[in-house]
Amino acid sequence: MKVLVINCGSSSLKYQFIQTENEAVITKGLIEKIGGDAEFTFCRKNGEKVKKNLSVKNHTEALKEVIANLGEKANGFINSLDEIEAIGHRVVHGGEEFYKSVLINDQVIASIEKFSELAPLHNPPNLQGILSCREVLPNTKQVAVFDTAFHHSMPEKSFMYALPYEYYEKYLVRRYGFHGTSHRYVALKTAEFLGKKIEECNLITCHLGNGSSITAIKNGKSIDTSMGFTPLEGIIMGTRCGSIDPAIIFFLMKKENLSAKQMDDVLNKKSGLLGISGISNDLREIDQALDQGNKRALLAKELLIRSIRKHIGAYMVELGRIDAIIFTAGIGENECSVREKSLSGLEEFGIKIDPQKNESLKGKPGDFSTPESKIKALVVPTNEELMIALETQWVLH
Ligand code: ADP
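All of the points below concern the structure found in this document. (Residues numbered from 1 in each chain as written. Predicted model: local features only at pLDDT ≥ 70, side-chain atom pairs only at ≥ 80, totals over all residues. Heavy atoms only, no water.)

## Things to note about the packing of aromatic side chains
The full count for this structure, using the stated rule, is nine aromatic pairs. Judged by centre distance (6.5 Å) and plane angle (90°), the rings of F98 and F115 are edge-to-face. Of this pair, F98 sits in the loop between β6 (86-91) and β7 (102-103) while F115 is found in the loop between α2 (106-114) and α3 (123-136), placing the two residues 17 residues apart along the sequence. On the basis of relative accessibility, which here comes to 6%, the residue F98 falls in the buried class. Taking relative accessible area as the criterion, F115 reaches 4% and is therefore assigned buried. Plain terms: the ring middles of F159 and Y168 are 6.1 Å apart, the flat faces sit at 45° to each other, and that makes the pair tilted. This pair shows no difference in class: F159 is buried, exactly as Y168 is. Across from the ring centre of F159, 3.7 Å away, lies the NZ or CZ of R174, which sits over that ring. (Phe/Tyr/Trp six-rings, centres within 6.5 Å; stacked < 30°, edge-to-face > 60°. Helix = DSSP H or I, 4+ residues; strand = E, 2+ residues; numbered from the N terminus. Buried < 20%, exposed > 50% of the residue type's maximum accessible area, 1.4 Å probe, protein only. Lys NZ or Arg CZ within 6 Å of the ring centre and 35° of its normal.)

## Brief notes about unusual backbone geometry
Despite not being glycine, E23 shows a phi value in the positive range, around 55°. Inspection of the secondary structure puts E23 in the loop between β2 (13-19) and β3 (24-32).

## Considering the site of the ligand
If you check the shell around the ligand, you find G209, N210, G211, N281, D282, L283, R284, A329, G330, I331, N334 and E335 and nothing else. Look at the ligand: alone it shows 560 Å² of surface, and the protein chains cover 65% of it. At the level of secondary structure, the elements contributing two or more residues to the shell around the ligand comprise α10 (283-291) and α12 (329-334). At four residues, the largest contribution of residues to the shell around the ligand is made by α12. Looking at the shell around the ligand, its residues break down into three nonpolar, six polar and three charged. (Near = heavy atom within 4 Å. Areas by Shrake-Rupley, 256 points an atom, 1.4 Å probe, with all protein chains shown as cover. Nonpolar A, V, L, I, M, F, W, Y, C, P; charged D, E, K, R; others polar.)

## A look at helix α15 (residues 384-396)
In this model, α15 (13 residues) spans 18 Å end to end at C-alpha, consistent with the 18 Å of a helix rising 1.5 Å per residue. Taken as a whole, α15 has its buried residues at L386, M387, I388, A389, L390, E391, T392 and Q393. Buried residues along α15 sit against β1 (2-8), β2, β6, β8 (141-146) and α6 (180-194). (Expected span 1.5 Å × (residues − 1). Contact = heavy atoms within 4.5 Å.)

## A closer look at the pattern of salt bridges
Across all of its chains, the model carries 22 salt bridges by this definition. K114 serves as the salt-bridge partner of E97, at 3.9 Å between the closest nitrogen and oxygen. Taken together, the residues E97 in the loop between β6 and β7 and K114 in helix α2 connect sequence positions 17 residues apart. The partly exposed category is assigned to E97, whose relative accessible area is 37%. A relative accessible area of 52% means that K114 is categorised as exposed. Residue K196 is joined to D323 by a salt bridge in which the shortest nitrogen-to-oxygen separation is 2.7 Å. Linking K196 in the loop between α6 and β9 (203-208) with D323 in the loop between α11 (295-319) and β12 (324-328), this pair joins segments that are 127 residues apart in sequence. (Salt bridge = Lys/Arg side-chain N within 4 Å of Asp/Glu carboxyl O.)

Structural data, given as structure tokens:
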């Protein structure tokens, strides 16, 4: 099946056109700065990457550009709109309602809108993408794939906060978890690699990118994850602080005379690796500074590794038996030193890594544990777009 995968942000539309049978990307592209003078980056049939400027008022206009580009005479990828057999949308928040991907209808749209309150930055543009597709391709089936759905299996004791219970009842304040599409994808790939059924796998999946989360998977299902009510909770990230003592928030708001919005900005945009290092949210730049002896760069990396180890430790205890610990996303796939330091000294717990194998896995999949290690240590590159395309196909068949 040929699936158009759409991921809409507030001023962007990312797409991939995927042939699910051979998991091939037919083409992909991105429109940024929607709302005015936009930039459209796309690939031609010969693989050449092209960037063009154009005026795009809204997501519907952006989608029309994408469709026109797919069908372009000289360089197009489709001969008729029917060749777009389905559309798969990334939707960030599915609340408590969606535990799997679903065919989009009016009711689903109303629910996505309802959950905008829980993800005000993400769900509204995701929904806009869906409405634009309805307008431009009214006969094409659309599927919503939720970032939260995989974590729907978390038990109450994992998802509840020890706040007055009424806030859960009144406002659905609970942990939801995110990056579910990525955690699920790498879990499925790992099951394949181990030659086991996913239902037999106990895993710890570490999605370490600009945003990061770690998930405990028991018998193929998420039973705990580090992100919570929002993606702010958990391990430290590029610009997000991860878990901190909530009392700090009130203390700082008073001391610095910050509004709630300003405090939110501090926690989400000025903290994490950037906040500690004062250099960058990008670990590659922090590594460069570290090589020159920058102490805060070193501290930022140490904090990151400590928070990864704390979560791995907690989930090892929760899971008991573990088949593999998996590293994925920008940092997980490429930063050998983070992987090595996250799993070093754990021989007593059944993890023995091979540093040389680890070094050889830069952006490549593979096993970097020793043959005698009880728990495998794996690099599994994530592919959220492919997962969305496959989910779309599974929903429609
Ligand atoms: P996002 O959450 O934005 O999708 P990514 O998964 O692309 O983030 O991860 C970005 C992080 O991965 C950055 O901190 C970056 O430094 C780190 N990284 C390290 N090496 C690489 C690499 N070779 N390519 C991409 N990102 C890398």
